[in-house]
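# Tertiary structure, described
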Amino acid sequence: MSAAAQLLNLASMAGPTRAVKVVTGLLRMHARYFLVGRGRGLAKVLPLSTPMKIHVDPASGCNFRCFFCPQTDPSALRAAGVKAGVMKLPLLQKLVDDLAAFPSKVDELVFGNYGEPLLNKQIDEMVAYAVQSGSVREVSLITNAALLTKERADNLAAAGLQKVRFSVEALSDEGYLTTTKVKVAFADIVENIRYLHSLRKRPFIYVKIIDTGLSQEEKQKFFKTFMPISDAISIENLMPVTEEAAEIVGDNGKGMTGVSLSAGRAVCPSPFYSLSVHMDGDVGVCCADWHHKTGVGSLRDQSLKEIWNGEQLRQFRVEQLTKSWRNMDACAGCEMVNHYPVYEDLDRHRDGLVVSYS
């Protein structure tokens, strides 16, 4: 499905009275991506001297255990060597200071990847430091909203946070218990988002829910509840990351956003434009690398620029181009690679890119 078709699909879900706001909100959210970003064609801008996107994990754990997320099995994460904890402020400051060495600004620094960033009590200080650095075009945060107290919302807004992506996990108290395995009042989630939306100087607010089998009535409730307190809104598709999720998806995979699912892709675009910094400073190249197999360095003994231009990452990219992600131990079995939109396809450009990265 094309981006235009997906916009129309979401608009039809929302209904005629809400359709225009759904479309305009998502166009606002993705305008830069299509006008000057990867949406023009990732291959056109490679190789990059500055990463476009950096995910940072302020906390490696989560207060939820959603059935469709690997966080539901913390024992498996520990067995894989994933460390539990929160990022220390000096490490985040070191990361941000490293960005000044790049020739241009990073398009987006995202707080949140594998864990819930609001578990880190210094998250507002981290956001403020990144915003004030002048090295990032947009500082954003991903959260489930459960820990977003009024005080924390005030602090994040004051810190200059530019965008927040809220993951709504259900539409009732019972639904939250089923999905997250935690008792959560749905009304509290709504109020937490509503309060942030009410602030005079607030970030751009994107609210999304994953379709785990939502009825038409539930979809209408989602739009009715959250459209008045968001700038952009969407229903995203379930990804087969866990066994339970895979059983639900079956053979009906549509890609996370439903936009241009690229089945059969040989080259994953992620390592060519992004980095993922874990809680302890280890750096990988994939926002779906739950078991931290794609490591290419550590901020504890390298600068981010050294990692970006380093031999480990260069070899990783060359192997993507020459062997395909399917034949790489760090990537084999990935269920996320095909959800990257076709605008980021690199398969047709493999020969030229091999030369560029050799």
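Since we're looking at a predicted model, the values are computed, not measured.

Procedures and definitions
- Residues numbered from 1 in each chain as written.
- Predicted model: local features only at pLDDT ≥ 70, side-chain atom pairs only at ≥ 80, totals over all residues.
- Heavy atoms only, no water.
- Helix = DSSP H or I, 4+ residues; strand = E, 2+ residues; numbered from the N terminus.
- Rg over C-alpha atoms; globule rule 2.2 N^0.38 Å.
- Buried < 20%, exposed > 50% of the residue type's maximum accessible area, 1.4 Å probe, protein only.
- Contact = heavy atoms within 4.5 Å.
- Areas by Shrake-Rupley, 256 points an atom, 1.4 Å probe, with all protein chains shown as cover.
- Pairing = 2+ DSSP bridges.
- Axes fitted to C-alpha atoms, helices over the stretch in contact; angles between N-to-C directions.
- Core = buried A, V, L, I, M, F, W, Y, C linked by side-chain atoms within 4.5 Å.
- Parallel < 35°, antiparallel > 145°, perpendicular 65-115°, else oblique.
- Nonpolar A, V, L, I, M, F, W, Y, C, P; charged D, E, K, R; others polar.
- Phe/Tyr/Trp six-rings, centres within 6.5 Å; stacked < 30°, edge-to-face > 60°.
- Lys NZ or Arg CZ within 6 Å of the ring centre and 35° of its normal.
- Disulfide = S-S within 2.5 Å.

So, about the overall build of the protein. A tally of helices and strands in the protein yields 13 helices and nine strands. Computed over the C-alpha atoms, the radius of gyration of the protein is 20 Å, within 12% of the 21 Å expected from 2.2 N^0.38 for a compact globule of 358 residues. C-alpha atoms of the protein, sized along the principal axes, occupy 55 × 45 × 40 Å. Within the span of the protein, comprising 358 residues, buried residues form 55% of the whole. Across the protein, contacts joining residues at least 24 apart in sequence account for 74% of those joining residues at least 6 apart. Of the accessible surface of the protein, which amounts to about 15,700 Å², a share of 52% is contributed by carbon and sulfur atoms.

With that settled, the discussion passes to the sheet that holds strand β5 (residues 204-211). The strand order β6-β5-β4-β3-β2-β1-β7-β8-β9 describes an open sheet built from nine strands, whose pairing is mixed. The open sheet has two free edges, formed respectively by β6 (232-237) and β9 (297-298), since each of these has just one partner strand. In this sheet, strand β4 (residues 163-168) lies alongside strand β3 (residues 136-143) in parallel orientation, the contact comprising four bridges. Across the sheet, Thr143 pairs through a bridge with Phe166, a residue of β4. The strands touched by helix α5 (residues 123-133) within the sheet are β2 (106-111) and β3, with β3 carrying the most contacts at an inclination of about 160°.

Counting 105 residues, the largest nonpolar core has Phe111, Phe166, Ile193, Phe222, Phe226 and Leu304 as the members making the most contacts within it. Look past the residues within four positions of Phe111 in its chain and what remains in contact with it is Val56, Pro58, Leu92, Pro117, Ile123, Met126, Val127, Ala130, Val139, Ser140, Leu141 and Ile142.

Our next topic: the pairing of strand β1 (residues 53-56). Neither face of β1 is exposed, since Lys53 and His55 on one face and Ile54 and Val56 on the opposite face are all buried. When β1 meets β2, the two strands line up parallel, connected through four bridges. In the sheet register, Val56 faces β2, and the bridge partner there is Phe111. Across four bridges, β1 lies against strand β7 (residues 274-277) in parallel orientation. Bridge pairing links Lys53 to Ser274 in β7.

Further remarks concern the packing of α5 against helix α6 (residues 150-159). The interhelical angle for the contact between α5 and α6, taken along N-to-C directions, is 10°, at an axis separation of 8 Å. On the basis of their axis angle, the class for α5 and α6 is roughly parallel. Where α5 abuts α6, its residues Ile123, Asp124, Val127, Ala128 and Val131 lie against Arg152, Asn155, Leu156 and Ala159. Within the contact of α5 with α6, the residues separate by chemical class into six nonpolar, one polar and two charged.

The subject of this paragraph is the packing of aromatic side chains. One pass over the full model with this rule turns up eight aromatic pairs. Among the aromatic residues, ring-to-ring pairing joins Phe186, Phe222, Phe223 and Phe226 into one connected group. When the ring centre of Tyr273 is taken as origin, the NZ or CZ atom of Arg38, which lies over that ring, is 4.0 Å away.

All chains considered together, the criterion is met by zero disulfides. Between Cys66, a cysteine without a disulfide, and Cys62, which holds the nearest cysteine sulfur, the sulfur-to-sulfur distance is 6.3 Å. We note that Cys334 lacks a disulfide partner, and the nearest cysteine sulfur, in Cys286, lies 5.6 Å from it. Residue classification places Cys334 among the partly exposed residues on the basis of a relative accessible area of 27%.

Looking now at unusual backbone geometry. Here the amide bond leading from Leu46 into Pro47 is cis, since omega sits at -5°, within 30 degrees of zero. Here Pro47 is to be found in the loop between α2 (19-35) and β1. The phi angle at Ala145 is positive, at roughly 75°, despite the residue not being glycine. Phi at His292 is positive, roughly 55°, even though this residue is not glycine.

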